[in-house]
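Fold and geometry: a report
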Amino acid sequence: MSVIAFDHVALGVGGRMVLRDVSCAIAPGEFIGVLGPNGAGKTTLFRAILGLIRPVAGSIRVFGRAPRRGDAAIGYLPQVRTLLPDLRVRGVDFIASSVRGERWGLPVHSRPERKVVAETLAAIGADELAERPLADMSGGERQRLLLAQALLGEPKLLLLDEPLISLDQRHQESAVELVRGFVRERGITVLFSAHELNQLIGVLDRVLYLGNGQAALGTVAEVMTAPVLSRLYDARIEVVRADGHIFVLSRGQNVERSDHQHDHSHGDAHAHHHHDHRHA
C-alpha cells in the first residue's frame, strides 16, 4: 500500500489554484525530493497531506485513509520558522515541550519522555545542544533542534519543508546526511523539499517536481529533462549535466537558483508554525 496517494487532486489557496489534476503514489521508505519554483505548491502539498487544507477536487490518502490533523505518525518541519520561543530556553526543554504538545519551554519531568528526547537528540548528533539555551546557538544548530522535533515519536512519514534554507553548504550537507541516516535505518518515508536538486542528488529515490499547476514524479533521469521541466516552468528549459551536478537553465540562467534569491515569505509561504500540526 502507498504511504501517500493523490488521485486527480486539485489544491487551491486563497482562491488561487496551485495544483490541478495531480495523481501520484509514494511507496513506504521512499526518499522523495520535492522541487519547483516559488509558488509552485510545495508547502500547500505538505499542508494537504497534514489534513490542514482540503483538496478542491480529487482525493488524498495517507496510510490508506483521509489525512487527519495531528497525525502522530507524521513528523513535520515547516518552512516558516521565524518565530522562536524564549531564547533562554534550553535545547532539551524546547524539544521536550513538543512531546506532549504543550507550549514551548515547559520542562518535561517524566523519565520516559526525557529518554525519548535524549535518544532523538543523540540519533541526530545534537546531544551537545541539550543543555544550551537557544540564544547561544547558531542558525544551523537551531535547525538541528527543529529537525529533532520533527523526528520525535518515531514518525512513519517525515515532511521537511525547505529544511536547508539559511544553512551554509557544510551544514546543508550534514543535515541531508543526518536525515538520510535516520530514515534509512528506520524505513521512514520522506518528502524533502529543496530549491535545488543538487542538494539532494545521491540521496533521493525519486523527484516530485511541481510547477505550472502540474506535478511530475519519477527518477532523476525521467523528470530532469528539457521537455518535462519546460512544461513545469512554462518556459524553454535546458538541462545541463556537469561534474555530477544538474543545472536547470533558461536563457543561460540557473532558474532553480535565481528563483529562490527572493524573500522566502511570499509565493508559496502559506506555512503555519509547527505547533498547529500536532494538536490542531
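Please refer to the structure higher up on the page.
A short tour of the structure in this document, coming up. (Residues numbered from 1 in each chain as written. Predicted model: local features only at pLDDT ≥ 70, side-chain atom pairs only at ≥ 80, totals over all residues. Heavy atoms only, no water.)

**Observations regarding the pattern of salt bridges**
Counted under the stated rule, the structure contains 7 salt bridges. Two residues, glutamate 30 and arginine 206, come together in a salt bridge whose shortest N-O distance is 2.7 Å. In this pair, glutamate 30 sits in the loop between strand E2 (16–26) and strand E3 (31–35) while arginine 206 sits in strand E8 (residues 206–211), placing the two residues 176 residues apart along the sequence. Classification of glutamate 30 as buried rests on a relative accessible area of 11%. For arginine 206, a relative accessible area of 21% gives the class partly exposed. For arginine 257, the salt bridge is made with glutamate 196, and the minimal N-O distance between the two is 2.9 Å. You can see arginine 257 sitting in helix H8 (residues 255–259) and its partner glutamate 196 sitting in the loop between strand E7 (189–193) and E8, a full 61 residues away along the chain. (Salt bridge = Lys/Arg side-chain N within 4 Å of Asp/Glu carboxyl O. Helix = DSSP H or I, 4+ residues; strand = E, 2+ residues; numbered from the N terminus. Buried < 20%, exposed > 50% of the residue type's maximum accessible area, 1.4 Å probe, protein only.)

**Thoughts on the packing of aromatic side chains**
Evaluation of the coordinates by the stated rule reveals 2 aromatic pairs. Ring centres of phenylalanine 31 and phenylalanine 192 lie 5.8 Å apart, and the angle between their planes is 25 degrees; this geometry places the pair in the stacked category. Linking phenylalanine 31 in strand E3 with phenylalanine 192 in strand E7, this pair joins segments that are 161 residues apart in sequence. Lying over the aromatic face of phenylalanine 182, arginine 186 brings its terminal NZ or CZ to 3.8 Å of the ring centre. (Phe/Tyr/Trp six-rings, centres within 6.5 Å; stacked < 30°, edge-to-face > 60°. Lys NZ or Arg CZ within 6 Å of the ring centre and 35° of its normal.)

**Considerations on the environment of isoleucine 201**
Tracing the chain through its elements places isoleucine 201 in the loop between E7 and E8. By relative accessible area, isoleucine 201 is classed as partly exposed at 33%. Sequence-wise, isoleucine 201 and glycine 244 are 43 residues apart; in three dimensions their C-alpha atoms are separated by 8.6 Å. Setting aside chain neighbours within four positions, we find isoleucine 201 in contact with Gly244 and Ile246. (Contact = heavy atoms within 4.5 Å.)

**Overview of helix H4 (residues 139–151)**
In this model H4 runs 18 Å from its N-terminal to its C-terminal C-alpha over 13 residues, within 8% of the 18 Å that 1.5 Å per residue would give. Buried within H4 we find Gly140, Glu141, Gln143, Leu145, Leu146, Leu147, Ala148, Gln149, Ala150 and Leu151. (Expected span 1.5 Å × (residues − 1).)

**A short note on the nonpolar core**
In terms of nonpolar packing, the biggest core is built from 54 residues, with Phe31, Leu160, Phe192, Tyr209 and Leu229 touching the most fellow members. Apart from the residues lying within four places of it in its own chain, the contact partners of leucine 160 are Phe46, Leu77, Leu147, Ala150, Val179, Val190, Leu191, Phe192 and Ser193. The next biggest cluster of nonpolar side chains, apart from the first, holds 31 residues, and it includes Ile4, Leu52, Phe63 and Tyr76. (Core = buried A, V, L, I, M, F, W, Y, C linked by side-chain atoms within 4.5 Å.)

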